Amino acid sequence: MEKVAFIINPFSAKKNYQPLLNELKKKVESPLYYISESIEGTDAFIRENFDRVEVFVAIGGDGTISTVARNLINTDKILGIFPAGSGNGFSNETQFSKNLDELLEKIKVGNSRKIDTFTVNDRLSINVSGTGFDGKVVKEFEKTDRGFKNYIKVSLKTFFNYKPIKVKFFDEAYQRYNGKYLMLNIANTRQFGNNAYIAPKASKSDGKVDIVLVKKFPLTYSPLFAFRMFTKRLKDDEYVTYLSVSDIEFKVNTKNWHLDGEFNKIKSPVHVKVLPSSLNILI
């Protein structure tokens, strides 16, 4: 474990990281770890240890993982994950569990593979990002104590009051999809988190992302939408449209976005670009 560093987001998992840290210290002799108080602190820690570390382990949710990952893009460094967030979408999609022994065994074996990532106006995303309804939900969700129950509460409250966003694509091939939508998502993997599969056919190694366009639907459609999402059966219909792309530009009349579940302000025009085989993941 000499060439491994553990980066812990102390605000994840209801701020209860100490038991995990104690377990890590019992199982790894003098582990190199960092309790991150900020994105800037994480970036600085990785820079300082970049040359002597081969595997950087992110301990937190998708936002923490994305922060660590952006420092490893297009390098031979390997990203490991211990999920400790509220949704853990990317962890689920890359087969990382909340079992420290399993993680340490993966590190010992040392196998890895390259996967795709993508950018939204040059800001990195590794899992699912979006605007519209879910961008607003994330903004309001960050005002709560998080947790799945609060996410559902915020989602329901937002749904009834939310006005659709207007999307306009630049490429003539996609202009027939211009219009009003409840939300627009960009999916590198299949799920938001909590096993909510917004893009069941998305692949993190095909050089493309799925653009998911969802029109505002009536309340009567909600149970079917939820059922399909949680059973990996969402598909093209009168309310849902999928576009598989590697590079796309569009305008949208909101600046509220989430990137891997973290709220961001992003101005239009928006340029989405896939970075094929750009991130080395522990397997």
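For the structure itself, consult the block above.
Residues numbered from 1 in each chain as written. Predicted model: local features only at pLDDT ≥ 70, side-chain atom pairs only at ≥ 80, totals over all residues. Heavy atoms only, no water.

Some words on the overall build of the chain
Using the following cut-off: Strands here are runs of E lasting at least two residues and helices are runs of H or I lasting at least four, both read from the DSSP assignment and numbered beginning at the N terminus. For a compact globule the rule gives 2.2 Å times the number of residues to the power 0.38, and the radius of gyration it is set against comes from C-alpha atoms. Residue exposure (1.4 Å probe, protein chains only): buried if accessible area is under 20% of the type maximum, exposed if over 50%, otherwise partly exposed. Should any heavy atoms of two residues lie within 4.5 Å, those residues are counted as being in contact. For every accessible area listed, the method is Shrake-Rupley and the probe measures 1.4 Å; residues are considered covered only by the protein chains on display. Residues scored as charged are limited to Lys and Arg (positive) and Asp and Glu (negative), so that His and the chain ends carry no count. Charged side chains are reduced to one point each, which is NZ for Lys, CZ for Arg, CG for Asp and CD for Glu.
A count of helical and extended segments in the chain gives 8 helices and 16 strands. For 283 residues, the compact-globule estimate of 2.2 N^0.38 gives 19 Å, and the chain sits close to it at 19 Å. Principal-axis analysis of the C-alpha atoms places the extent of the chain at approximately 55 × 35 × 30 Å. Within the span of the chain, comprising 283 residues, buried residues form 52% of the whole. Pairs at least 24 apart in sequence give 69% of the contacts found in the chain among residues at least 6 apart. In the form shown here, the chain has an accessible surface area of approximately 13800 Å², with 49% of it arising from carbon and sulfur atoms. Side-chain charges in the chain split into 43 positive and 32 negative, and the spacing between the mean points of these groups amounts to 7 Å.

Some thoughts on the pattern of salt bridges
Quick note on the threshold: Definition used for salt bridges: Asp or Glu carboxyl oxygen within 4 Å of a side-chain nitrogen of Lys or Arg.
Per the stated rule, a full pass over the model turns up 6 salt bridges. For Glu23, the salt bridge goes to Lys27, with nearest N and O atoms at 2.8 Å. Linking Glu23 with Lys27, this pair stays in helix α1 (residues 18–27), spanning 4 residues, or about one helical turn. On the accessibility criterion, Glu23 (29% relative accessible area) is partly exposed. Here Lys27 ties to Asp101 by a salt bridge, and the two come within 2.8 Å at their closest N and O atoms. Here Lys27, found in helix α1, pairs with Asp101, found in helix α5 (residues 100–109); they are 74 residues apart in sequence, far enough to count as distant. Residue Lys27 is classed as partly exposed on the basis of its relative accessible area, which comes to 38%. Accessibility expressed as a relative area gives 44% for Asp101, which makes it partly exposed. Sharing partners across several salt bridges, the network here consists of Glu23, Lys27 and Asp101.

Looking at unusual backbone geometry
A cis amide bond, omega 5 degrees, links Ser268 with the succeeding residue Pro269. Located in the positive-phi region is Gln95, a residue other than glycine, with phi close to 60 degrees. Tracing the chain through its elements places Gln95 in the loop between α4 (89–93) and α5. Take Gln95: its relative accessible area is 53%, and that puts it in the exposed class. Despite not being glycine, Asp260 has its phi angle at roughly 55 degrees, a positive value.

Points about the sheet that holds strand β12 (residues 240–245)
Short version of the rule: DSSP bridges decide pairing: two strands pair if at least two such bridges lie between them. Fitted lines through C-alpha atoms serve as axes, helices being fitted only where they are in contact, and the angles separating the N-to-C directions of these axes extend from 0 to 180 degrees.
A sheet is described by the order of its strands in space; here 6 strands give the open sequence β12-β11-β10-β7-β14-β15, paired in antiparallel fashion. Edge strands, defined here as strands with exactly one partner in the open sheet, are β12 and β15 (262–265). Direction aside, neighbouring strands of the sheet carry axes that sit 20 degrees apart on average.

Things to note about the environment of Pro269
Relative to the helices and strands, Pro269 is located in the loop between β15 and β16 (270–282). With 17 residues separating them in the primary sequence, Pro269 and Val252 have C-alpha atoms 7.3 Å apart. In this structure Pro269 touches Asn121, Phe170, Phe250 and Lys251, once residues within four positions along its chain are discounted.

Things to note about the pairing of strand β13 (residues 247–252)
Side chains on a regular strand alternate between the two faces of the sheet. Alternating positions in β13 separate cleanly, Ile248, Phe250 and Val252 being buried on one face and Asp247, Glu249 and Lys251 remaining unburied on the opposite face. By the bridge criterion, 3 bridges tie strand β8 (residues 165–169) to β13 in an arrangement that is antiparallel. Across the sheet, residue Phe169 finds its bridge partner in β13, namely Phe250. Across 4 bridges, the pairing between β13 and β16 is antiparallel. Bridge pairing in β16 places Ile248 opposite Val272.

Thoughts on the pairing of strand β5 (residues 112–120)
Of the strand pairs in this sheet, β5 and β16 are connected by 8 bridges, and their pairing is antiparallel. Note on β16: the bridge partner recorded for Arg113 is Ile281. Of the strand pairs in this sheet, β5 and strand β6 (residues 123–125) are connected by 3 bridges, and their pairing is antiparallel. In the strand pairing of β6, Thr119 is matched with Leu124. Once β5 ends, the chain turns through 2 residues before running back antiparallel as β6, passing Asn121 with a positive phi of about 50 degrees.

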